[in-house]
Every structure is written in C-alpha cells, then in structure tokens.
Amino acid sequence: MNIANIITSIRILLIPLFMFFLLDSRFSYSKLIAAAIFIIAAITDSLDGYIARSKKIVTNFGKFLDPLADKLLITAALVGLVELNKISSWIAMIIIGREFIVTGLRMVAAAEGVVISANVWGKLKTISQIIAIVLLLVDNYPFKFLNFPLDQIVLWIAVILTIYSGFDYIKSNWSVINFAKK
C-alpha cells in the first residue's frame, strides 16, 4: 500500500470519529472537533490524489477506494446533519442519490472500457458541498453574527450544482448506456 492509499484509508477511518463528535454532545466543543475532523478528511481528498498523480503511484485500489471514501464522508456528514435537524432529508437524498446515479453510470462505463473522469461541474459540486457542510457544522460562524445565512446560501448552491452536475454526467455519457444491448 502506497502513501496515497494510506491517506485515503485514514480518511475512511476518520469518519466514525467525525460521527462520534458530531452526534455526541457530552463534550463542550464536540461540534467544532467534528468540523475540524471533517476539514482534515476533506483536505486528504485533494492530498491523496495529488500525491498519487505526482509520484505516478495511481493504483486500481486507489481508484476504487478514493471515490468510496469521498462518498462515505459526505454521506456521513449529511446523515448526521439530518439527525441534528440542520438540513432536510430531501436535500441529503438529492445529494446521495446523485452519487449513486453517477457511480452506477461509471460502473457501466467501466464495464465497457470507458473511464468517466470528474469534470469541472463535479469538482465545483464537491467544493460547494464541503463548504456548506463546514458552515453547517460550525453553525454558520462567523456569519450568524451578521445575520447572513451563508450556510443556507451555499447549501442551495451545492444542491443546484449537485443536480446540474448529475444531469451533465448523464447527458455527456448517455452513449455509454446502450438500451438495445442485453
């Protein structure tokens, strides 16, 4: 296992720790600790990819594990935020559902020997989701003191980008889905 895959594995291992602090209010600063863990885990997403590409140590294991780790982290955060009544369940379902659809499309494409890479809309979607989650985790700090709902604005941007990027992936890769084949 190379360093990039170790970093990806650490991201997955951080998820239960993140969930513990997010949902356990016995500690004074549990939500801030959860936010810090989430930020560290989100940063490892860029770090592991950068290391793998720059050192030319991209592996099939990493290609499998990295997107799985990303989806697990975002899903864990969304489920926790629903449980804490910070977001509606329909928002979580749109975001999680899009990930299932795109992953399914990528699996069909892979079976046909086609690789579907992330595009700019998918990357913007991810960035907006991470920013929205962090703002929700820290209760919109410091913008709540200005009565400016940046957390809600970025959340809506994330939802819109999630929907748009999902449609874009489907439209751009429609040829991969051949309904005439059995």
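Thresholds applied
Residues numbered from 1 in each chain as written. Predicted model: local features only at pLDDT ≥ 70, side-chain atom pairs only at ≥ 80, totals over all residues. Heavy atoms only, no water. Helix = DSSP H or I, 4+ residues; strand = E, 2+ residues; numbered from the N terminus. Rg over C-alpha atoms; globule rule 2.2 N^0.38 Å. Buried < 20%, exposed > 50% of the residue type's maximum accessible area, 1.4 Å probe, protein only. Phe/Tyr/Trp six-rings, centres within 6.5 Å; stacked < 30°, edge-to-face > 60°. UniProt positions renumbered as here; feature names shortened; annotations may be inferred. Axes fitted to C-alpha atoms, helices over the stretch in contact; angles between N-to-C directions. Left-handed = near helix turned anticlockwise from the far one by under 90°. Contact = heavy atoms within 4.5 Å. Polar contact = N/O pair within 3.5 Å; in protein donor to acceptor, adjacent residues only side chain to side chain. Core = buried A, V, L, I, M, F, W, Y, C linked by side-chain atoms within 4.5 Å. Patch = residues over 30% accessible without salt bridge, like charges linked within 9 Å, V, L, I, M, F, W, Y side chains within 5 Å. Areas by Shrake-Rupley, 256 points an atom, 1.4 Å probe, with all protein chains shown as cover. Salt bridge = Lys/Arg side-chain N within 4 Å of Asp/Glu carboxyl O. Expected span 1.5 Å × (residues − 1). Parallel < 35°, antiparallel > 145°, perpendicular 65-115°, else oblique. Nonpolar A, V, L, I, M, F, W, Y, C, P; charged D, E, K, R; others polar.

Caption draft 1: Looking closely at the overall build of the protein. Secondary structure assignment for the protein yields six helices and zero strands. Traced from its N-terminal end to its C-terminal end, the protein shows the element sequence α-α-α-α-α-α. What you see for the protein is a C-alpha radius of gyration of 17 Å, in line with the 16 Å of a compact globule of 182 residues. Projecting the C-alpha coordinates of the protein onto the three principal axes gives extents of approximately 55 × 35 × 25 Å. Across the 182 residues that make up the protein, the buried fraction comes to 41%.

Caption draft 2: Representation of the packing of aromatic side chains. With the rule as written, the count across this model stands at seven aromatic pairs. With 5.1 Å between their ring centres and 80° between their planes, Phe20 and Phe21 make a pair best called edge-to-face.

Caption draft 3: Just the UniProt feature "transmembrane region" (unreviewed entry) in the protein, in detail. In this structure's numbering, the residues bearing the UniProt feature "transmembrane region" (unreviewed entry) are residues 6-23, 32-52, 72-96 and 153-170. Segment residues 153-170 splits into 100% helix and 0% strand. End C-alpha atoms: 26 Å apart.

Caption draft 4: Representation of the packing of helix α4 (residues 89-111) against helix α5 (residues 120-137) within the structure. Look at α4 against α5: their axes get within 13 Å of each other, and the N-to-C directions meet at 145°. Where α4 crosses over α5, the handedness of that crossing is left-handed. Only Gly122, Lys125 and Gln129 of α5 make contact with α4, whose side of the interface consists of Ile95, Arg98 and Glu99.

Caption draft 5: Expanded view of the side chain of Asp24. By the element assignment, Asp24 lies in the loop between α1 (3-23) and α2 (30-54). At a separation of 2.5 Å, a polar atom in the side chain of Asp24 contacts the side chain of Arg26.

Caption draft 6: Region of interest: the nonpolar core. Grouped together as the largest cluster of nonpolar side chains are 33 residues, with contacts concentrated most on Phe18, Phe38, Leu78, Ile87, Ile133 and Leu137. Secondary structure elements with two or more residues in this core: α1, α2, α3 (60-83), α4, α5 and α6 (150-172).

Caption draft 7: Quick look at a nonpolar patch on the surface. Together, Met1, Ile3, Ile6, Ile10, Phe61, Phe64, Leu68 and Leu72 line one region of the surface with nonpolar side chains, adding up to about 750 Å² of accessible area. Secondary structure elements with two or more residues in the nonpolar patch: α1 and α3. For Met1, the location among the structural elements is in the segment before α1.

Caption draft 8: Structural detail: the pattern of salt bridges. All chains considered together, the criterion is met by ten salt bridges. Salt-bridge contacts for Arg26 lead to Asp24; the nearest nitrogen and oxygen are separated by 2.5 Å. Judged by relative accessible area, which is 66%, Arg26 ranks as exposed. A residue is classified by how much of its surface remains accessible, and Asp24, at 10% relative accessible area, is buried. If you follow the salt bridges from partner to partner, you end up with Arg11, Asp45, Asp48, Asp66 and Asp70 in one network.

Caption draft 9: Summary view of α6. The end-to-end C-alpha distance of α6 is 32 Å, a good match for the 33 Å that 23 residues give at a rise of 1.5 Å each. Taken together, the buried positions of α6 are occupied by Leu150, Asp151, Val154, Leu155, Ala158, Val159, Leu161, Thr162, Ser165, Gly166, Asp168 and Tyr169.

Caption draft 10: Broad picture of the packing of α1 against α3. In contact at an axis separation of 9 Å, α1 and α3 are set at 10° when each is read in the N-to-C sense. As far as their axial angle goes, α3 and α1 are roughly parallel. For the contact of α1 with α3, the class distribution of residues is 14 nonpolar, five polar and four charged.

Caption draft 11: Inspection of the side chain of Asp48 at higher detail. Within the fold, Asp48 resides in helix α2. In terms of polar contacts, Asp48 uses its side chain to reach the side chain of Arg11, at 2.9 Å.

Caption draft 12: Spotlight on the environment of Ile94. Along the polypeptide, Ile94 turns up in helix α4. Spatially, the C-alpha atom of Ile94 lies 22 Å from that of Asp45, the residues being 49 residues apart in sequence. Once you skip the residues sitting within four places of it in the chain, Ile94 turns out to touch Val159, Thr162 and Ile163.

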